[in-house]
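Observations on chain architecture
What follows is the residue order along each chain.
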Amino acid sequence: MPAKTYVQTTINGEHVDFLCEPRQSLLECLRDEIGLTGTKEGCNDGNCGACTVNIDGRIVTSCLVLGVEAEGADIETIEGVADGSNLHPLQLAFLENAALQCGICTPGFIISSKALLEQNPNPSEHEIRFWLANNLCRCTGYDKIVRAVQDAAKRLQEA
Amino acid sequence: MTTADYERNMVLATDTDYKVIGTRPVRHDGADKVTGRAIYGADFDAAGLLHGKILRSPHAHAKIISIDTSKAEKLDGVKAVVTSKDFPQSESRKDQWLKDNILASDKALYAGQAIAGVAASNPHVAESALGLIEVEYEVLPPVLTTQEAMASNASILHDSLTTEELGEDTGVVSNVASHSQHVKGDISKGFEDADVIIEREYNTKTVHQGYIEPHNATALWSPDGRLHVWCSTQGSFVVRDSLAELLDLPVSMVRVTPTEIGGGFGGKIPIYVEPVAALLSRKTGAPVKIVMSRRETFEASGPTPGSQIKIKIGAKHDGTLTAAYAWMAMEAGAYPGSPVGAAVQCVFSTYDVENSTIDGFDVVVNKPKTAAYRAPGAPNAAFGAEQAINELAEKLGMDPIELRLKNVAKEGTRRPDGPVFGKIGAKEVLEAMRDHPHYQSDKAEGTGRGVSIGFWFNIGFDSACNIAVNKDGSVNLTEGSTDIGGSRTSIAMHAAEVLGIPVEDVRPSVVDTDTIGFTAVTGGSRTTFATGWAAYEAAQDVKKQCIERAAKIWDVDANGLQMEDGVISSKSDSELRMTFKELAEQLSDTGGGISGSASVNPSGVGGSFAGNIADVSVDPETGKTTVERFTCVQDVGKAIHPSYVEGQMQGGSVQGIGWALNEEYFMNDEGTMTNSSLLDYRMPTSLDLPMIDTVIVEVANPGHPFGVRGVGEANIVPPTPTIANAIYDATGKRMTQLPMSPGAILSVSPE
Ligand code: FES
Ligand code: FES
């Protein structure tokens, strides 16, 4: 069995260190080594966006990042989006707009949308669609997801 | 008409006299799903968990000469290897086919078919071990389409498969598993009476449901002989019963706990990895988890078939349809059982045609065994039939919606396959389409417009529900329908309506097969219809007991009491009044708790019709089609939770748009899928689409207490012909093949 590497990161604001084999993806480390299973695997080759996390302010598909590459990184996953027991406006907007059916894509969409709204607080429908084209949803047809992001933008601006 | 001039999501409601039904509460499992806490199959963990991987056939058609697992077994970290030999002996040919689709015995019939399973301490070790298993194959020529499979010199998949011709075994070995025929009236006379006849052949490719969560299962075969499986499935009882059958166990020895499920659309009804995980667990004594990769999900689960469809219809000058003929051959995949039987029930069912004949052929080919996909078979059939109707309208100089309305099926119409329609909403759907601001508006410059309508019959089947009253006036509701799109809330809404309490006071749980009565799959658009009905009945049971308890407390006759809006009261004495909550507090002191239960198998299923209006533009240089505007109209009977009903309509529409424009299995000559990734199997992204406008039509189904029909499937039927009709309108090109990809459009000449 290959030797394991010691990796130190910050995940959702907490210092987290873990051991991982060089061949393990960050997605696998998050799910199997650290127990954060909110980040989902839909394809393991960068094409569905279910595994999207935010690393140092950039959204990435964690299945295409090696665990060892996360050394020193500041990582945000779906488990860190709510503020304690208060849901983030995006999470509320997804619920109230029925923007999820099965919900497997939802963590990825929320992480992606959050990064969008941080960069562009008032995106147009086209900008939302363009930004979210990295995330596949097979259930909703995207209509209600786009509306939820528009709604969240409004909530965040009003807040 | 601009987008601001109309409501993008309309509900044409028939009955609004409800407190809970028709409202849009936040779903009960919502917080867990937006915070990442919901446990899906692949998230499940257990102490001492082993990881399983599956070796798959690289050949689409090959005899398996030998399998040598000895080297793999010796790899450090490998705990067990299983092959088909680990299954109990089969009793019948059909039984053996079921097993062969899980682990092949004598023959591999599609590239990706499972050959052996390995359990190891981690998934990477298991993966490495697969490379050490030696399999000797004798490769045979693959058969990849119905045309090839039905050819007289075709390579034969199953030496033991003989064709069933109109219900009789012919004894003739071939790749045609069966031929069925439905005849109504006299088809030759119908065509003689016709002034105009349209006739064409259409072909469609294999496509996948494309759920984002791959198949998965964890099995623990306990030393006490009981097998426990946790998995993402559309039907925990189907998994239980299939496992019991394959492993030769009584059903009581198998317990299935459904985890949250990341999409299914029909594809998560059959079992694939569950029995392999079970066999590996039996060998190791440890829990074993198997999660498919995306490639495995494409190559080794059950897509929906490619098909060959010939349609011929005839009509009088005034538009009256006189005859309709369909010849449909559908790929079953490696083992018999294509959805052609369902296609037959749908192809002309929108219309009242005096004379019709429908021939259906179930054909085996060297591709994965097909599974259900949202109204299975019906979209393939509609792609042909609904283009033919538009062609006919053009020839007759009639509006395509008016032509449909002229011939539309109503209550009392006999379907071409036999059944007589009860109350249905085909006419109302067409009228809502005709009157919609989208249809009334002028097309934008350079765009084409298409319409069509589709039918799906929906199913009933068994469902069970238990409701227990808590002392705070809430109720715990347990049911067995795995929840893929918010159904636990729509089911809870049935109970809340009956009990007159807020839906937030109902706590619904989807429970395992030891904990609830038999419940059929989440499929056939049945979940809100049938399990909702079970919840309705269980709540009625609770209500009756509440009234009886109040009668006991007040020492009056229960017949003089009523329970409405969560209040129990006397019909004659206004002093006697108590809320459900007040009663709940006293239950323990007045005779004990109250719980209600129901098991139902409702027969009053109401079929659903869905129609589309679509505007598209086609780039003349590249052939790329852009959907500019899309409207879905569906008769759902009664929308319990309109937001999730709209979600079903939008989701089905978009799957249909993907099917229309891009999706297909590319197979090479050896029968291997060459696009088994989500990059190359091109499903629609947010950027490919406009908003999907919806009109919920409510023609209440008299066969359900609130009028529910079921909404999940009919909406995927019309998109492919709608888009084809729009492309024709934009370009003059009649597209007879799916998908209508840029290359396909460029290769066709305008008519
Ligand atoms: S799992 Fe990473 S993009 Fe699909
Ligand atoms: S909600 Fe199921 S994939 Fe998006």
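Residues numbered from 1 in each chain as written. Chains lettered and ligands numbered in written order. Predicted model: local features only at pLDDT ≥ 70, side-chain atom pairs only at ≥ 80, totals over all residues. Heavy atoms only, no water.

**A closer look at the overall build of chain A**
Counting its secondary structure elements, chain A contains five helices and five strands. In chain A, the succession of α and β elements from N to C terminus is β-β-α-β-β-β-α-α-α-α. Computed over the C-alpha atoms, the radius of gyration of chain A is 16 Å, within 12% of the 15 Å expected from 2.2 N^0.38 for a compact globule of 159 residues. Principal axes of the C-alpha set define a box for chain A whose edges measure 50 × 30 × 25 Å. Contacts in chain A between residues at least 24 apart in sequence constitute 54% of all its contacts with a sequence separation of at least 6. Total accessible area on chain A is roughly 6,200 Å²; 47% of this is exposed by carbon and sulfur atoms. (Helix = DSSP H or I, 4+ residues; strand = E, 2+ residues; numbered from the N terminus. Rg over C-alpha atoms; globule rule 2.2 N^0.38 Å. Contact = heavy atoms within 4.5 Å. Areas by Shrake-Rupley, 256 points an atom, 1.4 Å probe, with all protein chains shown as cover.)

**Focus on the sheet that holds strand β16 (residues 307-315) of chain B**
All names here are of chain B. Across the sheet, which stays open at both edges, the seven strands sit in the order β9-β8-β10-β18-β17-β16-β11 with mixed pairing between neighbours. Only two strands of the sheet have a single neighbouring strand rather than two, namely β9 (168-173) and β11 (196-204). Across the sheet, the mean angle separating the axes of adjacent strands is 10° when strand polarity is ignored. (Pairing = 2+ DSSP bridges. Axes fitted to C-alpha atoms, helices over the stretch in contact; angles between N-to-C directions.)

**Structural notes on the domain arrangement of chain A**
Residues and elements named next belong to chain A. Its domain assignment divides chain A into domain 1 (5-80) and domain 2 (89-158). Taken together, the 13 residues of domain 1 in the interface contact 13 residues of domain 2. Buried area between domain 1 and domain 2, summed over both chains or domains, comes out near 1,100 Å², and the portion from carbon and sulfur atoms is 61%. When the buried area of domain 1 at its contact with domain 2 is split by residue, Ile59, Glu76 and Ile78 rank highest and sum to 42% of it. Inspection of the domain 1/domain 2 interface yields one salt bridge. Here Lys114 makes a salt bridge to Glu76, at a shortest N to O gap of 2.6 Å. The interface formed by domain 1 and domain 2 includes three residue pairs in polar contact (both at pLDDT 80 or more). (Domains from an automatic or database assignment. Buried area = accessible area lost by both parts, 1.4 Å probe. Salt bridge = Lys/Arg side-chain N within 4 Å of Asp/Glu carboxyl O. Polar contact = N/O pair within 3.5 Å; in protein donor to acceptor, adjacent residues only side chain to side chain.)

**Topic: the environment of B:Asn725**
Residue and element names in this part refer to chain B. Turning to its location among the elements, Asn725 is positioned in helix α19 (residues 719-731). You can call Asn725 buried: its relative accessible area is 2%. Sequence spacing of Asn725 and Arg449 is 276 residues, and the spatial spacing of their C-alpha atoms is 7.1 Å. Aside from chain neighbours lying at most four places away, what touches Asn725 is Glu386, Gln387, Asn390, Arg404, Arg449, Gly450, Val451, Ser452 and Arg734. Here the side chain of Asn725 touches Glu386 through a polar contact of 3.3 Å, landing on its backbone oxygen. (Buried < 20%, exposed > 50% of the residue type's maximum accessible area, 1.4 Å probe, protein only.)

**Considerations on the state of the cysteines**
One way to say it: the disulfide is the covalent bond shared by the sulfur atoms of two cysteines. All names here are of chain B. Throughout the structure, instances matching the rule amount to zero disulfides over all chains. Its sulfur unpaired, Cys465 is 15 Å from the next cysteine sulfur, which belongs to Cys546. Overall, the relative accessible area of 0% leaves Cys465 in the buried class. (Disulfide = S-S within 2.5 Å.)

**Looking at the layout of surface pockets**
Computed from the structure, the second largest pocket encloses a volume of approximately 880 Å³. Around the second largest pocket, the lining is made up of 39 residues, and of these A:Glu41, B:Lys53, B:Val291, B:Met292 and B:Ser293 lie nearest the centre. Going through the elements one at a time, α1 (26-33) of chain A together with β2 (50-56), α4 (123-130), β15 (288-291) and α9 (294-300) of chain B are the ones with two or more residues in the lining of the second largest pocket. Sorting elements by how many residues they give to the lining of the second largest pocket places β2(B) first, with five residues. (1 Å grid on protein atoms, 1.4 Å probe; cavity = no way out; pocket = protein on both sides within 12 Å on 5 of 7 lines; lining within 4 Å. Points joined across faces, edges and corners; volume = space filled by probe spheres on them.)

**Section: the interface of chain A and chain B**
At the junction of the two partners, chain A supplies 49 residues and chain B supplies 59 residues. For the pairing of chain A and chain B, the buried interface totals around 4,400 Å² over both sides, and the portion due to carbon and sulfur atoms is 58%. One can count four salt bridges joining chain A with chain B. Listing elements by their share of the side of chain A that touches chain B, those giving two or more residues are α1, α2 (89-96), α3 (106-119), α4 (125-131) and α5 (143-158) of chain A.

**Observations concerning the side chain of B:Thr350**
For B:Thr350, the position within the fold is in the loop between α10 (340-346) and β18 (355-364). Each residue touching B:Thr350, except ones within four places of it in the same chain, is listed here: B:Asn407, B:Val408, B:Ala409, B:Ile453, B:Phe455 and B:Phe609.

**Details of helix α3 (residues 93-100) of chain B**
For α3(B), the complete set of buried residues consists of B:Asp95, B:Trp97, B:Lys99 and B:Asp100. The secondary structure elements touched by the buried residues of α3(B) are α7 (236-247) of chain B.

**Focus: the domain arrangement of chain B**
Residues and elements named next belong to chain B. Looking at the assigned domains, one finds that chain B contains domain 1 (42-140 + 214-261 + 268-300), domain 2 (303-458 + 606-747) and domain 3 (463-600). Inter-centroid distance (C-alpha atoms) of domain 1 to domain 2 is 36 Å. Listed by partner, the interface residues are 17 residues for domain 1 and 19 residues for domain 2. For the pair domain 1 and domain 2, the summed buried area comes to about 1,500 Å², and 66% of that belongs to carbon and sulfur atoms.

**Thoughts on the packing of α2(A) against α3(A)**
All names here are of chain A. Relative to each other, α2 and α3 sit at 130°, their axes nearing to 10 Å. The orientation of α2 with respect to α3, classified from their angle, is oblique. Helix-helix and strand crossings are classified by hand; for α2 and α3 the assignment is right-handed. Each of Leu90, Gln91 and Phe94 in α2 lies in contact with α3, whose residues at this interface are Thr106, Phe109, Ile110, Ser113, Lys114 and Leu117. Here the contact of α2 with α3 is composed, by residue class, of five nonpolar, three polar and one charged. (Parallel < 35°, antiparallel > 145°, perpendicular 65-115°, else oblique. Left-handed = near helix turned anticlockwise from the far one by under 90°. Nonpolar A, V, L, I, M, F, W, Y, C, P; charged D, E, K, R; others polar.)

**Quick notes on the packing of aromatic side chains**
Residues and elements named next belong to chain B. Summed over the entire model, instances satisfying the criterion amount to 17 aromatic pairs over all chains. Measuring from centroid to centroid gives 4.8 Å for Phe455 and Phe609, while their planes differ by 35°, and the two rings are tilted. With Phe455 in strand β19 (residues 448-456) and Phe609 in strand β27 (residues 608-618), the pair connects residues that are 154 residues apart, well separated along the chain. Of the two residues, Phe455 and Phe609, both sit in the buried class. Ring geometry for Phe529 and Trp533: centres 6.0 Å apart, planes at 85°, overall edge-to-face. A residue pair is termed a helical-turn pair when its members lie 3 or 4 positions apart in one helix, as Phe529 and Trp533 do in helix α16 (residues 527-554) at four residues. Residue Phe529 is classed as buried on the basis of its relative accessible area, which comes to 0%. Under the relative-accessibility criterion, Trp533 is labelled buried at 18%. Its guanidinium or amino end placed over the ring of Trp221, Arg282 lies 4.7 Å from that ring's centre, counting from NZ or CZ. Positioned over the ring face of Phe298 is Arg294, at 5.9 Å from the centre of the ring. (Phe/Tyr/Trp six-rings, centres within 6.5 Å; stacked < 30°, edge-to-face > 60°. Lys NZ or Arg CZ within 6 Å of the ring centre and 35° of its normal.)

**Digging into the sheet that holds strand β4 (residues 78-83) of chain B**
Residue and element names in this part refer to chain B. Spatially, seven strands are ordered β4-β6-β2-β15-β12-β13-β14 in an open sheet, and the strand pairing comes out mixed. Whereas interior strands pair on both sides, the edge strands pair on one side only; in this sheet they are β4 and β14 (254-258). Pairwise comparison of adjacent strand axes, ignoring direction, gives a mean angle of 25° for this sheet. Where strand β12 (residues 216-221) lies against β15, four bridges are found, and the strand directions are antiparallel. Counterpart to Asn216 in the pairing with β15 is Val291. Each of β2, β4 and β6 (114-120) is contacted by α4, which is oriented at about 25° to β2, the strand it contacts most.

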